[in-house]
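So you can see what is in the structure, the chains are spelled out below.
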Amino acid sequence: MQNPSRTPSLSSLRRLTVAMLHGLESGAVVLANLGRRTPRVYRDYPSWDLLKAHRIAQLLRDGDEVLDVGCGNGHVLRELGMFRTLERTGIDLAPGEAPAGVRILPYDGQRLPFADASFDVTMFCYVLHHLTREHARRLAEEAFRVSRRAVILIEDTLPEFGILYRLRNRLHRVGTEIEYGAASSAYQPVGGEPMFLTHAGWREFLADVPAAGEIEIESLERLCKYAHHTLIAVKRATPTPHTP
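What you see is a predicted model; the values in this text were computed from it and never measured.

Draft legend 1. Inspection of the sheet that holds strand S6 (residues 212–219) at higher detail. If you walk across this open sheet you meet the seven strands as S3-S2-S1-S4-S5-S7-S6, and the pairing is mixed. Of all strands in the sheet, those bounded by a partner on one side alone are strand S3 (102–106) and S6. Within this sheet the neighbouring strands show an average axis-to-axis angle of 20°, counted without direction. Across five bridges, the pairing between strand S2 (residues 87–92) and S3 is parallel.

Written as structure tokens, this is what we have:
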């Protein structure tokens, strides 16, 4: 009959052996990679950014022509390229250096400098909440003008904003006005009430844009550190076919 008192020690010995083997394995891998010179792309991507990009990519198709308005350094377009084969264009008041495979153009913040139906999908990632309602409406109309299929927003929104989130939103608005004003002479503080809308507020705002069709609002809180990150996908009421 097996002595029950010996089982814990045997189990502990196994665990210690496995831990030592894993430690030796890790040490061997580290030493083997000390001279590695290959660029390590993973260092540029926070995991929650990749999860967001993966979710956006599920709404796209290989071969899509995608426009990102207010793209900054093009990091969202860069991340989308890990999941889809896309034609990627970004525009910004102060464009950064374009990643490989991404075209970034300067932009005055008003009319989108493209012909009607130039892209399959247009994106605004944390952009429209910096604008007045009138300006955001004009840009939303412009986005549908240049898009054949849909407009996608990533926004800071919740079903309701509590007092701490209302404080956060105002601080964010002031800080980014200082930051963007320093980055681009074309940027002007917009003043007025910021476009930090609730889910219902965004649905109402977008439903009033003539070309907007079905609106889907999806919280990304399960993918992100904070609860306010939200995906809003808006189909064109009448999709426009691609005419090369």
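Draft legend 2. Quick peek at the nonpolar core. Grouped together as the largest cluster of nonpolar side chains are 30 residues, with contacts concentrated most on Leu67, Leu112, Phe124, Leu128, Trp202, Phe205 and Ile232. Examining the composition of this core, we find that six residues originate from one element, helix H4 (residues 133–146), more than from any other. Apart from the residues within four sequence positions on either side, Leu128 is in contact with Ala136, Leu139, Leu153, Glu155, Met195 and Trp202. If you look at the next biggest cluster of nonpolar residues, it comprises 22 residues, including Ala53, Cys71, Leu86 and Met123.

Draft legend 3. A look at the pattern of salt bridges. Here the structure, examined in full by the defined rule, presents 16 salt bridges. Among the salt bridges present, the one from Asp208 reaches Arg137, with a minimum N-O distance of 2.7 Å. Of this pair, Asp208 sits in the loop between helix H6 (199–207) and S6 while Arg137 is found in helix H4, placing the two residues 71 residues apart along the sequence. Look at the salt bridges and you will find they share partners, linking Asp64, Glu65, Asp120, Arg148 and Arg149 into a network.

About the criteria used
- Residues numbered from 1 in each chain as written.
- Predicted model: local features only at pLDDT ≥ 70, side-chain atom pairs only at ≥ 80, totals over all residues.
- Heavy atoms only, no water.
- Pairing = 2+ DSSP bridges.
- Helix = DSSP H or I, 4+ residues; strand = E, 2+ residues; numbered from the N terminus.
- Axes fitted to C-alpha atoms, helices over the stretch in contact; angles between N-to-C directions.
- Core = buried A, V, L, I, M, F, W, Y, C linked by side-chain atoms within 4.5 Å.
- Buried < 20%, exposed > 50% of the residue type's maximum accessible area, 1.4 Å probe, protein only.
- Contact = heavy atoms within 4.5 Å.
- Salt bridge = Lys/Arg side-chain N within 4 Å of Asp/Glu carboxyl O.

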